[in-house]
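Survey of secondary and tertiary structure
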Amino acid sequence: MFKKLLVANRGTIAIRIIRACRELGIATIAVHSTADQDALHVRMADESVCIGPAAAEDSYLSIPSIMSAVLTYGADAVHPGYGFLSENGDFAEACRKSGVNFVGPRARHIRLMGDKPRARRIMKRAGVPVLPGSEGTGVTELRDAQADVKRLGYPVLIKAAAGGGGKGMRVVRDANELAKLFPLARAESEAAFGSRAMYLEKYLENARHVEFQILADNNRSAIHLGERDCSLQRRHQKVLEEAPCPVMTPRLREKMGKAAVRAAQVVGYSNVGTVEFLLAADGEFYFIEMNTRIQVEHGVTEMVTGIDLVKESILIAAGKPLTLKQRQVKITGAAIEYRVYAEDPDTHLPSPGVVSSHHSPGGLGVRVETALYDGYRVPVHYDPLIAKIIVHAEDRALAIKRAQAALHEYLIEGIKTNIALHLRILDDPDFVAGQFSTNFLTRFDRREEVAVEPRLAKAS
Ligand code: MV4
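Before going into details, it helps to say that this report is about the structure given with it. Numbering of residues begins from 1 in every chain and follows the order in which that chain's sequence is written. With the structure being a predicted model, the display of local features is reserved for residues of pLDDT at least 70 and the display and counting of side-chain atom pairs for 80 or more, all residues being used for whole-chain, interface and lining totals. The basis for the side-chain values is all heavy atoms of the structure; hydrogens and waters are excluded.

Before going further, it helps to examine the overall build of the protein chain. For the protein chain, the count of helices and strands is 15 helices and 22 strands. Our radius of gyration looks at C-alpha atoms and nothing else; its globule reference is 2.2 Å times the residue count to the power 0.38. A compact globule built from 460 residues would reach a C-alpha radius of gyration of about 23 Å, and the protein chain, at 22 Å, matches this within 12%. Counting only residues that meet the buried cut, the protein chain has 56% of its 460 residues in that class. Only heavy atoms matter for contacts: two residues are in contact if any of them lie within 4.5 Å across the pair. Across the protein chain, every contact between residues at least 6 apart in sequence was considered, and the portion connecting residues at least 24 apart equals 66%. With an accessible surface of roughly 19300 Å², the protein chain has 51% of that area assigned to carbon and sulfur atoms. Secondary structure elements are defined from DSSP: runs of H or I of at least 4 residues count as helices, runs of E of at least 2 residues count as strands, and each element is numbered from the N terminus. Each residue gets one of three labels from its accessible area relative to the maximum for its type: buried under 20%, exposed over 50%, partly exposed in between, using a 1.4 Å probe on protein chains only. Note on areas: these come from Shrake-Rupley sampling with a 1.4 Å probe, and a residue is covered only by the protein chains present in the view.

If you walk across this open sheet you meet the three strands as β7-β6-β8, and the pairing is antiparallel. The sheet terminates laterally at β7 (170-172) and β8 (198-202), the two strands that pair on one side only. Taking each pair of neighbouring strands and ignoring which way they run, the sheet shows an average axis angle of 30°. Pairing between two strands requires that DSSP report at least two bridges joining them. Examined bridge by bridge, strand β6 (residues 156-160) and β8 share five bridges and lie antiparallel to one another. Its bridge partner being in β8, Leu 157 is matched across the sheet by Glu 201. The convention used is that axes are lines fitted to C-alpha atoms, helices contributing only their stretch in contact, and that angles between N-to-C directions extend from 0 to 180 degrees. Against the sheet, helix α7 (residues 142-152) contacts β6 and β8, and its axis sits at roughly 15° relative to β8. Relative to β7, helix α8 (residues 175-193) is tilted by about 165°, and along the sheet it contacts β6, β7 and β8.

What follows is about a positive patch on the surface. The residues that make up patches have over 30% relative accessible area and no salt bridge, and they are joined within 9 Å when like-charged or within 5 Å when they are Val, Leu, Ile, Met, Phe, Trp or Tyr. Should a side-chain nitrogen of Lys or Arg be within 4 Å of a carboxyl oxygen of Asp or Glu, the pair is scored as a salt bridge. His is not counted, nor are the chain ends; Lys and Arg add positive charge and Asp and Glu add negative charge. A charge is said to be at NZ when it belongs to Lys, at CZ for Arg, at CG for Asp and at CD for Glu. Taken together, the side chains of Arg 106, Arg 108, Arg 118, Arg 121, Arg 125 and Arg 220 define a basic patch exposed on the protein surface. Examined against the element boundaries, Arg 106 turns out to sit in the loop between β5 (101-102) and α5 (107-114). Residue classification places Arg 106 among the partly exposed positions, given a relative accessible area of 39%.

As a further point, take the site of the ligand. Only heavy atoms are used to decide nearness, and a residue is near a molecule or strand if one of them lies within 4 Å of it. Residues in close proximity to the ligand total 18 residues, the closest being Lys 159, Glu 201, Lys 202, Leu 204 and Glu 276. A distance of 3.3 Å separates a nitrogen atom of the ligand from a polar side-chain atom of Glu 289. Here the ligand has 540 Å² of accessible area as a free molecule, and 94% of this is covered by the chains. Counting residues per element, the ones that place at least two in the shell around the ligand are β6, β8, β14 (271-279) and β15 (285-291). Looking at the shell around the ligand residue by residue, the class counts come to seven nonpolar, six polar and five charged. A 3.5 Å cut-off defines polar contacts: any pair of N or O atoms within that distance qualifies, except that in protein one atom must be a possible hydrogen donor and the other a possible acceptor, and neighbouring residues in sequence count only when both atoms are side-chain atoms. All residues other than Ala, Val, Leu, Ile, Met, Phe, Trp, Tyr, Cys, Pro, Asp, Glu, Lys and Arg, Gly among them, are scored as polar; the first ten of these are nonpolar and the last four charged.

On the secondary structure map, Thr 301 appears in helix α10 (residues 298-305). Given a relative accessible area of 1%, Thr 301 falls into the buried group. Among the polar contacts made by the side chain of Thr 301, one reaches the side chain of Arg 228 at a distance of 2.8 Å. For Thr 301, the contacting residues outside a window of four places in its chain are Gln 213, Leu 225, Arg 228, Gly 306 and Leu 309.

We now examine unusual backbone geometry. Following Tyr 154, the chain continues into Pro 155 via a peptide bond in cis, with omega recorded as -5°. Relative to the helices and strands, Pro 155 is located in the loop between α7 and β6. Phi is positive for Asn 206, close to 55°, though the residue is something other than glycine. Residue position: Asn 206 is located in the loop between β8 and β9 (208-216). For Arg 235, which is not a glycine, the phi torsion comes out positive at approximately 45°. We classify Arg 235 as exposed; its relative accessible area is 64%.

Strands sit in the order β3-β2-β1-β4-β5 across an open sheet of five strands; the sheet is parallel. Edge positions in the sheet fall to β3 (47-52) and β5, since each has one partner strand and no second. Here strand β1 (residues 4-7) runs beside strand β2 (residues 27-33); their pairing, made up of four bridges, is parallel. Bridge pairing links Val 7 to Ala 30 in β2. Across the sheet, helix α3 (residues 63-73) is in contact with β1, β2, β3 and β4 (77-79); its angle to β3 comes to roughly 150°.

What follows concerns the packing of helix α4 (residues 89-97) against α5. For the pair α4 and α5, the least separation of the axes is 8 Å and the interaxial angle reads 175°. Considered as vectors, α4 and α5 are oriented roughly antiparallel to each other. In this structure, α4 uses Gly 89, Asp 90, Ala 92 and Glu 93 to contact α5, whose residues at the interface are Ala 107, Ile 110 and Arg 111. The residue inventory of the contact of α4 with α5, partitioned by class, reads three nonpolar, one polar and three charged. Note on terminology: angles under 35 degrees are roughly parallel, angles over 145 are roughly antiparallel, angles of 65 to 115 are roughly perpendicular, and the others are oblique.

Side-chain rings of Phe, Tyr and Trp (the six-membered ring for Trp) are treated as a pair once their centres are within 6.5 Å; stacked means planes under 30 degrees apart, edge-to-face means over 60, and tilted covers the remaining angles. This model, assessed by the stated rule, comprises ten aromatic pairs. Three or more aromatic residues link up through ring pairs in this structure, and these residues are Phe 431, Phe 436, Phe 440 and Phe 444. Over the face of the ring belonging to Tyr 373 we find Arg 43, whose NZ or CZ atom lies 4.4 Å from the ring centre. Placement of a charge over a ring requires the Lys NZ or Arg CZ to be within 6 Å of the ring centre, with the centre-to-atom vector within 35 degrees of the ring normal. The ring of Phe 431 carries the charged tip of Arg 396 above its face, separated from the ring centre by 4.7 Å.

Right, let's talk about the pairing of strand β13 (residues 240-243) for a bit. Neither face of β13 is open: one carries Leu 240 and Glu 242, the other Glu 241 and Ala 243, and all of them are buried. As defined by bridge partners, β13 adjoins strand β16 (residues 334-341) across four bridges and the pair is classed as antiparallel. Its bridge partner being in β16, Leu 240 is matched across the sheet by Tyr 338.

All told, the structure shown has 34 salt bridges when counted by the stated rule. Here Glu 141 ties to Arg 186 by a salt bridge, and the two come within 3.9 Å at their closest N and O atoms. A residue pair is termed long-range when its members are at least 10 positions apart, and Glu 141 in the loop between α6 (116-125) and α7 and Arg 186 in helix α8 qualify at 45 residues. Glu 141 sits in the partly exposed class, given a relative accessible area of 26%. Overall, the relative accessible area of 15% leaves Arg 186 in the buried class.

In structure tokens form, the structure reads like this:
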């Protein structure tokens, strides 16, 4: 087993990794920017090292800075967490070339799945259903996009070939929109990913975003740990996730799970990964992309399977074969994760500042993952996710009740959060019935606007 693992991340996931290492008897090194001098992950690790200034490009995203910490402190493994360098093939390769174990897939698989049109092509060839869309390496010019639409028909979704997670995505419903939005999406992709390559997909409305958790070892053994429903997103930022998907059946889980395992096995993937699908109302499902990292929402899968995903990722990276068989994986009860963001509830913009005091919820089936403490300053430089509340119960109805109690109990003073939004979602009859799709939050927001209008009229 590894002796010393460097955690190339910050916040809740860094803490999650440090805890897993403690259980495994692995010493930890935290890295931090100057803005995170007093961060909890720094205090929790055995050793810590400052890797640069506040700007992520010069610290958490700097391969040279992190590699120099790895070598100076004698780490034999690196865990990238999520975000930052977690899906950077060059980083995985730099670790391997320095003789350090990267806790994640090989660089080849990170690059392969990062090239979304290529991933589509491979999946299609392997018999995993994909949506009708651009063929080949994608499109960079409007006229090529127009040619694709001739074949696909509207509506289509423009996506960035180097993207993922929704950045650079645009829904297009007619030729005018295409001419206007294609260059915009392409510019966004170039700014975010340094790539002008785009691809189109038929836009599937009222679908559910269902993703399967994969575990694969270095000997091509792979299993799935069931699914998560991640349909509730705002501007492609997830708001809450749950496991199992409320409309899943054992038959459909077996079918989608087989497709997900095949997606991983056909490329010889190893470590943890997530295969994202869209599930249409008619029961058909389509591969959209594969994420080659541990995800923010891994906790809901852990709660319903009892499997420690971070520990598994480390064991796999250390070359251990999977000990678990597919038939041993059991889904027990229901789990929901509520992402608590430091954000203004009216504008949904980040609202950093100092947490003057706080009280965390607790009790049976309530898990809180956070890096908060009284006096903590939420930095402006990074993602505003400050806590995850993960509830687990025998069934979804009780998980919702438990979540209501936990969200009411959570006190965070000094900064604004989205906790009230979560409570409103939990009051929504469609959400409670499990009847929602990727459109839910857009419609939900519209309803909120309507509700606000009369008050505004009265005030003026
Ligand atoms: C889609 C889609 C519908 N049709 N692709 C969003 C994140 C990214 N990983 C994939 N996403 C989607 N891709 C096609 N062809 C719907 C989503 C989607 C979504 C879209 C709008 C609003 C909320 C959404 C939530 C989840 C998924």
